[in-house]
Amino acid sequence: MHVSPTGEAPVKRWWLLSILAMIATISLLHYVTNVTQQAEHILYAKFYYIPVTIAALIYGMRGGFLTAILVSVIYGPSLFLQRHESNALLLDSMLDLLLLLGVGMIVGVTVDRERQEHYKAQQ
């Protein structure tokens with residue numbers, strides 16, 4: 001990791017720990033909430049957009065994409081533990097996983113491009 005004179009590395013480490021803590025908290029909520037409480041599970045799935053977006057903003061495309069992959073690996077199994085009253089709820093949850101990957105990549109690519117343009121402007 002690049003260390004700048006302004007102390008960028010400790011800040012990025014703090015963000016990494018914060019992102020992991022958010023994912024752990026949301027995942028814990030998923031796994032301890034009764035499977036019959038579908039509204040809560042739907043809400044928790046939406047909370048995953050927060051750490052994925054933050055990771056993409058801080059770490060770029062690679063960070064956003066890897067965070068979305070991590071969320072998918074952690075959250076994915078819970079989809080099959082829940083009872084879905086309709087296939088629409090299962091489809092919605094699976095779509096969330098795809099959208100998380102998209103958000104991580106799109107936000108990350110945008111941030112990476114902006115950083116490259118900023119770097120070129122400074123040259």
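The model shown is predicted, which means the values in this text are computed figures rather than measured ones.

Cut-off values and rules
Residues numbered from 1 in each chain as written. Predicted model: local features only at pLDDT ≥ 70, side-chain atom pairs only at ≥ 80, totals over all residues. Heavy atoms only, no water. Phe/Tyr/Trp six-rings, centres within 6.5 Å; stacked < 30°, edge-to-face > 60°. Buried < 20%, exposed > 50% of the residue type's maximum accessible area, 1.4 Å probe, protein only. Helix = DSSP H or I, 4+ residues; strand = E, 2+ residues; numbered from the N terminus. Axes fitted to C-alpha atoms, helices over the stretch in contact; angles between N-to-C directions. Parallel < 35°, antiparallel > 145°, perpendicular 65-115°, else oblique. Left-handed = near helix turned anticlockwise from the far one by under 90°. Nonpolar A, V, L, I, M, F, W, Y, C, P; charged D, E, K, R; others polar. Salt bridge = Lys/Arg side-chain N within 4 Å of Asp/Glu carboxyl O. pLDDT = per-residue confidence, 0-100. 1 Å grid on protein atoms, 1.4 Å probe; cavity = no way out; pocket = protein on both sides within 12 Å on 5 of 7 lines; lining within 4 Å. Points joined across faces, edges and corners; volume = space filled by probe spheres on them. Core = buried A, V, L, I, M, F, W, Y, C linked by side-chain atoms within 4.5 Å. Contact = heavy atoms within 4.5 Å.

Asker: Could you clarify how one ought to interpret the packing of aromatic side chains in this entry?
Answerer: Pairs of aromatic rings are described using the distance from one ring centre to the other and the angle between the two planes. Summed over the entire model, instances satisfying the criterion amount to 3 aromatic pairs. The interplanar angle of 80° and the centroid separation of 4.9 Å between the aromatic rings of Trp 14 and Trp 15 together place this pair among those described as edge-to-face. Note on Trp 14: relative accessible area 51%, which makes it exposed. Accessibility expressed as a relative area gives 26% for Trp 15, which makes it partly exposed. Centre to centre, the rings of Tyr 44 and Phe 47 are 6.5 Å apart; their planes meet at 35°, and the pair counts as tilted. Of this pair, Tyr 44 and Phe 47 both sit in helix H2 (residues 38-47), separated by 3 residues, roughly a single helical turn. On the basis of relative accessibility, which here comes to 12%, the residue Tyr 44 falls in the buried class.

Asker: Just to check I follow, could you spell out the packing of helix H3 (residues 49-81) against helix H4 (residues 87-122) for this structure?
Answerer: It is at 8 Å that the axes of H3 and H4 come closest, and there the two elements cross at 165°. Classed by the angle they form, the pair H3 and H4 counts as roughly antiparallel. The chirality of how H3 crosses H4 is left-handed. In terms of residue class, the contact of H3 with H4 is made up of 24 nonpolar, 8 polar and 3 charged.

Asker: Looking at this structure, I do not really get the pattern of salt bridges. What am I missing?
Answerer: A side chain of one charge can pair with a side chain of the opposite charge if their charged atoms are brought near each other. In the structure shown here, the tally under the stated rule is 2 salt bridges. Asp 92 serves as the salt-bridge partner of Lys 46, at 3.5 Å between the closest nitrogen and oxygen. With Lys 46 in helix H2 and Asp 92 in helix H4, this pair connects stretches of sequence that are 46 residues apart. Residue Lys 46 is classed as partly exposed on the basis of its relative accessible area, which comes to 32%. Here the salt bridges do not stand alone but share partners, grouping Lys 46, Asp 92 and Asp 96 into one network.

Asker: Looking at this structure, I do not really get the confidence of the model for the chain. What am I missing?
Answerer: Detailed reading of predicted coordinates is not advised where the pLDDT is low. On average, residues of the chain carry a pLDDT of 88, and 90% of them reach 70 or more. The spread of mean pLDDT over the elements of the chain runs between H2, the lowest at 89, and helix H1 (residues 8-32), the highest at 93.

Asker: Is there a simple way to think about the layout of surface pockets in this case?
Answerer: Empty space left among the atoms is revealed by rolling a probe the size of a water molecule over them. Considering only enclosed or pocket space, the largest pocket measures out at about 350 Å³ in volume. In terms of lining residues, the largest pocket is bounded by Glu 8, Lys 12, Ile 58, Tyr 59, Asp 112 and Arg 115. Listed by contribution, the elements that provide at least two residues to the lining of the largest pocket are H1, H3 and H4. Looking at the lining of the largest pocket, its residues break down into 2 nonpolar, no polar and 4 charged.

Asker: It is not clear to me how the nonpolar core should be interpreted in this structure. Could you clarify?
Answerer: Among soluble globular proteins, nonpolar side chains are generally buried collectively. Counting 17 residues, the largest nonpolar core has Tyr 48, Val 71, Tyr 75 and Leu 100 as its most contacted members. Where this core is concerned, the elements lending two or more residues are H1, H2, H3 and H4. Ranked by the residues each element gives to this core, the list is headed by H3, at 9 residues. Excluding residues within four positions of it along the chain, Tyr 48 makes contact with Ile 23, Ile 26, Ser 27, His 30, Val 71, Tyr 75 and Leu 100.

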